[in-house]
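# Breakdown of the fold
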Amino acid sequence: QVQLVESGGGLVQAGGSLRLSCAASGRTFSSYDMGWYRQAPGKEREQVAGISWSGGSTYYVDSVKGRFTISRDNAKNTVHLQMNSLKPEDTAIYYCNAAPSPFHYWGQGTQVTVSS
């Protein structure tokens, strides 16, 4: 089992920045991939970014490329999502995801609201 706790959400004006953090406990953190997902009202949950167990490979959905950066610190069992140049359409609940195959674990989510 993996337990995930997100932090760092909040209210920010368009063009601003936020940094989300996710602290993991349970299984060996450096052995599995991690990701950030988001879900806006009335929309399906989508993956925003992902990072491999070593940090050597990352993924971004097209809408956040060049604005968001995912990183991980395997020594501190944490993964971060740096979000810059935020837009109102980035407003959503953001979820941390751990993927020790074949399982998926989710955090409780953190609200990000971007005002125009």
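An account of the accompanying structure is given in this report. (Residues numbered from 1 in each chain as written. Predicted model: local features only at pLDDT ≥ 70, side-chain atom pairs only at ≥ 80, totals over all residues. Heavy atoms only, no water.)

### Describing the packing of aromatic side chains
A ring pair, where both rings are aromatic, is described by two values, the distance of the centres and the angle of the planes. Applying the stated criterion to the full structure yields four aromatic pairs. Summarising the aromatic geometry, the rings of Tyr-95 and Trp-106 are spaced 6.5 Å apart at their centres and angled 90° between planes, so their arrangement reads as edge-to-face. With a gap of 11 residues between them, Tyr-95 in strand β9 (residues 92-99) and Trp-106 in strand β10 (residues 105-106) connect regions that are remote in the sequence. Taking the centre distance of 6.4 Å and the plane angle of 40° together, the rings of Phe-103 and Tyr-105 count as tilted. In this structure Tyr-105 comes out as buried when scored by relative accessible area, which is 15%. Connected via pairs of aromatic rings, a cluster forms that spans Tyr-37, Tyr-95 and Trp-106. The ring centre of Trp-106 lies 4.6 Å from the NZ or CZ of Arg-45, which sits over that ring. Seen from the ring of Phe-29, Arg-72 lies directly overhead, with NZ or CZ sitting 4.4 Å from the centre. (Phe/Tyr/Trp six-rings, centres within 6.5 Å; stacked < 30°, edge-to-face > 60°. Helix = DSSP H or I, 4+ residues; strand = E, 2+ residues; numbered from the N terminus. Buried < 20%, exposed > 50% of the residue type's maximum accessible area, 1.4 Å probe, protein only. Lys NZ or Arg CZ within 6 Å of the ring centre and 35° of its normal.)

### As for the side chain of Arg-38
By the secondary structure assignment, Arg-38 is in strand β4 (residues 33-39). A distance of 3.4 Å separates the side chain of Arg-38 from the side chain of Ser-63, its partner in a polar contact. (Polar contact = N/O pair within 3.5 Å; in protein donor to acceptor, adjacent residues only side chain to side chain.)

### Remarks on the state of the cysteines
Using the criterion set out here, one finds one disulfide in the structure. Here Cys-22 engages in a disulfide with Cys-96; their sulfurs sit 2.1 Å apart. With the S-S bond torsion at -85°, the cross-link from Cys-22 to Cys-96 turns out left-handed. Remark: Cys-96 occurs in strand β9 and Cys-22 occurs in strand β3 (residues 18-26); sequence separation between them is 74 residues. Neither Cys-22 nor Cys-96 differs from the other in exposure class; each is buried. (Disulfide = S-S within 2.5 Å.)

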